[in-house]
Amino acid sequence: MTDPSPADEFLRRLGWDTAWQAARAAADPDGAWQPARIAAEHRGAYQALGPGGLAWVELPGRAFHTAADKRALPTVGDWVLIERWRTAAAGGGAGVIRAVLPRRSFLVRRAAGEATAPQPLAANVDTGIIVTSANADLSAARLDRYLALLRDGGIAPALALSKIDLVADPAPRLAALAALADRVIAVSTVTGAGLAELRALAGPGTTTVLLGSSGAGKSSLLNAIAGTAQPTAAIRADDRGRHTTTRRELFASDASGLWIDTPGMRELGQWLDDDDSDDQDGDDVAFDDIAELARQCKFRDCQHRDEPGCAVREQIPAGRLASFHKLSSERRTVAARQGQAQKLAESRKVKAKKPPPLADD
């Protein structure tokens, strides 16, 4: 058995495995194109990591024009097959993206300010860490939205309470977070507390995305865990952090795997894939505790509002139940809007295919 080549070893560090190799063989039977991983997006151009390092790559113009929406385009974390990779890696121009391999997980939200447009955030992620600062107001409803995005995307979630060195007692906030997710870690880049636990969530070949509001400390955590040099800024006079990250970017670390840093997001609208739009169980996607208690309700179709014998209302705090109802209602509204938009798009396609009427003689 021969030792892996440097190129193969580099791909393995990026998360490449036998399953990805099988996907490559299906898309490129001749093995003519080089696998690489999208590291950053730049308005139509991309940077990818592959053997030889970081290189510029681009899509053929036809791929942009024929894409139904942004989900059909590469995003950070995607595995892609590149033509002219060696030339691109040597700085001789951009390589050409010939295929995007099928995604194992996909983090996508509704685009800010849009009712029916998706915005991909990251692909092929194993774990999502939602960062919230100990010295800022804790919004359980906002954290529920992050959790819903991750679970909708097939990504295991965790919560990180950052900057615990700035508060006298983080215990009450940790208890509040524990009601939202199973994995909660208190961390500080100043004292080093919790960093080893965060690293344990990742590891060689795995991909982790950091999410959270601007100034929560995501970039500082990334620098401490993965040894990157992301720009950070001192906290303001009101103890809040400053926004520094401006784009999503993938970083590789030998010891702790792959990490994706993200900017803070103003809006966290849900996006439903076609397979999810009619899923009645999807309302519970970010509320495992409610889904479990619902089995004890008197009525199988209990809405947890004013029905008698509701186990959920008896045991779930009012604020969390309100968040559940709000997200459930939004999910149904989003499904309806997306359905209407899809029908309209299909109707336009049918009209476009009809030949024009014949002119009178």
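Structure: above.
### Considerations on the overall build of the protein chain
Line of reasoning, step 1. Looking only at helices and strands, one finds 11 helices and 13 strands in the protein chain.
Line of reasoning, step 2. The 361 residues of the protein chain split such that 46% are buried.
Line of reasoning, step 3. Considering only contacts in the protein chain between residues 6 or more positions apart, those separated by 24 or more positions represent 66%.
Line of reasoning, step 4. By element, 50% of the accessible surface of the protein chain is carried by carbon and sulfur atoms, the whole surface being about 18600 Å².

### With respect to the pattern of salt bridges
One side chain can pair with another of opposite charge once the charged atoms of both are near each other.
Line of reasoning, step 1. Under the definition given, this model contains eight salt bridges.
Line of reasoning, step 2. In this structure, Asp 17 and Arg 104 form a salt bridge, with 2.8 Å as the shortest nitrogen-oxygen distance. Of this pair, Asp 17 sits in the loop between α1 (6–13) and α2 (18–27) while Arg 104 sits in the loop between β5 (95–100) and β6 (106–110), placing them 87 residues apart in sequence.
Line of reasoning, step 3. Relative accessible area serves as the criterion here: at 30%, Asp 17 is assigned to the partly exposed category.
Line of reasoning, step 4. We note a salt bridge from Glu 83 to Arg 98, for which the minimum N-O separation is 2.6 Å. Taken as a pair, Glu 83 in strand β4 (residues 79–83) and Arg 98 in strand β5 lie far apart in primary sequence, 15 residues in all.
Line of reasoning, step 5. Exposure remark for Arg 98: the relative accessible area of 39% places this residue in the partly exposed category.

### Comments concerning helix α8 (residues 218–226)
Line of reasoning, step 1. By the burial criterion, the buried members of α8 are Lys 218, Ser 219, Leu 221, Leu 222, Ile 225 and Ala 226. Projected onto a plane normal to the axis of α8, the buried residues spread over an arc of 155 degrees and lie on a single side.
Line of reasoning, step 2. Taken together, the buried residues of α8 touch β8 (127–133), α7 (195–201), β11 (207–212), β12 (249–253) and β13 (257–261).
Line of reasoning, step 3. Phi turns positive one or two residues past the end of α8, at Gly 227, with a value near 75 degrees.

### A few points about the pairing of β5
Line of reasoning, step 1. In terms of strand pairing, strand β3 (residues 53–58) meets β5 through two bridges, oriented parallel. Considered in β5, the bridge of Val 57 is made with Gly 95.

### Considerations on the pairing of β12
Residues in a regular strand point their side chains to alternate faces of the sheet.
Line of reasoning, step 1. The buried count for β12 comes to four of five residues, which makes it a mostly enclosed element.
Line of reasoning, step 2. In this sheet, β13 lies alongside β12 in antiparallel orientation, the contact comprising five bridges. Bridging across to β13, Ala 252 finds its partner in Leu 258.
Line of reasoning, step 3. Connecting β12 to the next strand, β13, in antiparallel fashion are three residues.

### Things to note about the packing of aromatic side chains
Line of reasoning, step 1. Per the stated rule, a full pass over the model turns up two aromatic pairs.
Line of reasoning, step 2. Their ring planes at 65 degrees and their centres at 4.8 Å tell us that Trp 16 and Trp 79 sit as a pair that is edge-to-face. With Trp 16 in the loop between α1 and α2 and Trp 79 in strand β4, the pair connects residues that are 63 residues apart, well separated along the chain.
Line of reasoning, step 3. Under the relative-accessibility criterion, Trp 16 is labelled buried at 12%.
Line of reasoning, step 4. Centre to centre, the rings of Trp 20 and Trp 79 are 6.2 Å apart; their planes meet at 45 degrees, and the pair counts as tilted. Residue Trp 20 is located in helix α2, and its partner Trp 79 is located in strand β4; the two are separated by 59 residues in the primary sequence.
Line of reasoning, step 5. For Trp 20, a relative accessible area of 4% puts it in the buried group.
Line of reasoning, step 6. Take Trp 79: its relative accessible area is 1%, and that puts it in the buried class.
Line of reasoning, step 7. Taken together through their ring pairs, the aromatic side chains of Trp 16, Trp 20 and Trp 79 make up a single cluster.

### Structural notes on the environment of Gly 309
Line of reasoning, step 1. By the element assignment, Gly 309 lies in the loop between α9 (288–294) and α10 (311–315).
Line of reasoning, step 2. Sequence-distant contacts of Gly 309, that is, excluding residues within four places in its chain, are made with Gln 296, Cys 297 and Lys 298.

Procedures and definitions
Residues numbered from 1 in each chain as written. Predicted model: local features only at pLDDT ≥ 70, side-chain atom pairs only at ≥ 80, totals over all residues. Heavy atoms only, no water. Helix = DSSP H or I, 4+ residues; strand = E, 2+ residues; numbered from the N terminus. Buried < 20%, exposed > 50% of the residue type's maximum accessible area, 1.4 Å probe, protein only. Contact = heavy atoms within 4.5 Å. Areas by Shrake-Rupley, 256 points an atom, 1.4 Å probe, with all protein chains shown as cover. Salt bridge = Lys/Arg side-chain N within 4 Å of Asp/Glu carboxyl O. Arc of directions from axis to C-beta. Pairing = 2+ DSSP bridges. Phe/Tyr/Trp six-rings, centres within 6.5 Å; stacked < 30°, edge-to-face > 60°.

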